[in-house]
Amino acid sequence: SGYPFLLGSRPSSADFAVLGQLHPMISLDPKTSTITRSLSNRVCSWYSLTTDLSGLSLKDQDKGWITDIPPTLFQLLADVGKYYVPLLIANQVAYKKGEKEFSFKIDSGVTWTQPTFRYQSKCLDCLRETFESLTRKDDVLKALSGTG
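Below: a short report on this structure. Each chain carries its own residue numbering, running from 1 in the direction its sequence is written. Where totals are concerned, whole chains, interfaces and linings use all residues; where local detail is concerned, this predicted model gives features only for residues with pLDDT of at least 70, and gives and counts side-chain atom pairs only at 80 or more. Think of the side-chain values as coming from all heavy atoms in the structure, minus any hydrogens and water.

## Side note on the overall build of the protein
Thought 1: Helix numbering and strand numbering both begin at the N terminus, where a helix is a DSSP run of H or I of at least 4 residues and a strand a DSSP run of E of at least 2. Across its full length, the protein holds six helices and two strands.
Thought 2: Taken from N to C terminus, the helices and strands of the protein fall in the order α-α-α-α-β-β-α-α.
Thought 3: Exposure categories follow from relative accessible area, calculated using a 1.4 Å probe and restricted to protein chains: below 20% of the type maximum is buried, above 50% is exposed, and the middle band is partly exposed. Per-residue burial over the protein gives 24% buried out of 148 residues.
Thought 4: Any two residues having at least one pair of non-hydrogen atoms within 4.5 Å are treated as being in contact. Considering only contacts within the protein whose residues lie at least 6 apart along the sequence, 55% involve residues at least 24 apart.

Take a look at the structure:
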C-alpha cells in the first residue's frame, strides 16, 4: 500500500495485534522463523520495525490520523459505511422494538435478513458515544466524506 503500517503512516492497535501473532512465529520458534524469513523478509523487517516502536511515546500523537488516510483504508471505510453501518442501524431499530429478526436492502438491492443482536446494538451505541466525545468532529466528518 506504500505505507509503513497496516492503516497508514502511523502504527495503530491493528499493527500491535498482528505483531502479537507474529512474535511466536518469528522470535520464539526457530522452525517457523526460518520459514517466515524464507517466504518474506519484508514481514520480518516490519516485525522488527514495529517491535522497536513498542512502549515508545509518539511526538505529535494526533498528527496523521485524520489527514493521512491511505486509499486502501478509505475503501475499507467506504465498504463499512455502505454495508455494515446500515446493518447496525437496522438491527438496532428492530432490537429496540423487541423484534426477533430484521431485514434491510443491501446497496445492490438484495434483501438481507438475520436475527437481531443485542451486542450489535451496544456496538452502535458505543460508536455514537465515541463520536459525540470527539473534539474534532468536523475534521473526522470531512476525512470520512464519501464513505457512507
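## Some remarks on the packing of aromatic side chains
Thought 1: Aromatic rings from Phe, Tyr and Trp, with only the six-membered ring used for Trp, were paired whenever their centres fell within 6.5 Å, and each pair was classed as stacked if the ring planes differed by under 30 degrees, edge-to-face if by over 60, and tilted otherwise. Following the criterion strictly, the structure yields one aromatic pair and no others.
Thought 2: Taking the centre distance of 6.3 Å and the plane angle of 15° together, the rings of Phe 102 and Phe 104 count as stacked.
Thought 3: Using a relative accessible area of 4% as the deciding quantity, one classes Phe 102 as buried.

## Some thoughts on the nonpolar core
Thought 1: To qualify as a nonpolar core, a set must consist of buried Ala, Val, Leu, Ile, Met, Phe, Trp, Tyr and Cys residues joined through side-chain atoms within 4.5 Å. Phe 5, Leu 19, Leu 22, Ile 26, Cys 44, Trp 46 and Tyr 47 form the largest nonpolar core, which has seven residues in total.
Thought 2: Listing elements by their share of this core, those giving two or more residues are helix H1 (13-28) and helix H3 (41-53).
Thought 3: In this structure, Trp 46 is in contact with Pro 4, Phe 5, Leu 6, Asp 15, Val 18, Leu 19 and Leu 22, ignoring residues within four places of it in sequence.
Thought 4: One finds Ala 90, Ala 94, Phe 102 and Phe 104 within the second-largest nonpolar core, a separate group that totals five residues.

## Description of the pattern of salt bridges
Thought 1: Any Lys or Arg side-chain nitrogen found within 4 Å of a carboxyl oxygen on Asp or Glu counts as a salt bridge. Under the definition given, this model contains two salt bridges.
Thought 2: A salt bridge links Arg 136 to Asp 139; the nearest nitrogen and oxygen atoms lie 3.0 Å apart.
Thought 3: Exposure remark for Arg 136: the relative accessible area of 32% places this residue in the partly exposed category.
Thought 4: Judged by relative accessible area, Asp 139 falls into the partly exposed class, the value being 36%.

## Observations regarding the packing of helix H4 (residues 71-96) against helix H5 (residues 118-133)
Thought 1: To define axes, lines are fitted to C-alpha atoms, for helices over the stretch in contact only, and angles between the resulting N-to-C directions are given on a 0 to 180 degree scale. Orientation of H4 relative to H5, taken along the N-to-C sense of each, is 115°, at an axis distance of 9 Å. Comparing their axes, H5 and H4 come out roughly perpendicular. For the element pair H4 and H5, the recorded crossing hand is left-handed. Taking contact as the criterion, the partners of Tyr 84, Leu 87, Leu 88, Ile 89, Asn 91, Gln 92, Tyr 95 and Lys 96 in H4 are, on H5, Arg 118, Gln 120, Ser 121, Leu 124, Asp 125, Leu 127 and Arg 128. Each angle gets one of four labels, with under 35 degrees taken as roughly parallel, over 145 as roughly antiparallel, 65 to 115 as roughly perpendicular, and the rest as oblique. The sense of a crossing depends on the near helix, which, turned anticlockwise from the far helix by less than a right angle, makes the crossing left-handed and, turned clockwise, makes it right-handed.

## Examining the packing of H1 against H3
Thought 1: Look at H1 against H3: their axes get within 10 Å of each other, and the N-to-C directions meet at 115°. When the axes of H1 and H3 are compared, the crossing they make is left-handed. Across the interface between the two elements, Asp 15, Phe 16, Val 18, Leu 19, Leu 22, His 23, Ile 26 and Ser 27 of H1 pack against Val 43, Cys 44, Trp 46, Tyr 47, Thr 50 and Thr 51 of H3.
Thought 2: Polarity classes work like this: nonpolar for Ala, Val, Leu, Ile, Met, Phe, Trp, Tyr, Cys and Pro, charged for Asp, Glu, Lys and Arg, and polar for all others, with Gly in that last group. By residue class, the composition of the contact of H1 with H3 is nine nonpolar, four polar and one charged.

## Structural notes on the side chain of Gln 120
Thought 1: Mapped onto the elements, Gln 120 comes out in helix H5.
Thought 2: Filtering out sequence-adjacent residues up to four positions away, Gln 120 remains in contact with Tyr 84, Leu 87, Leu 88, Asn 91 and Gln 114.

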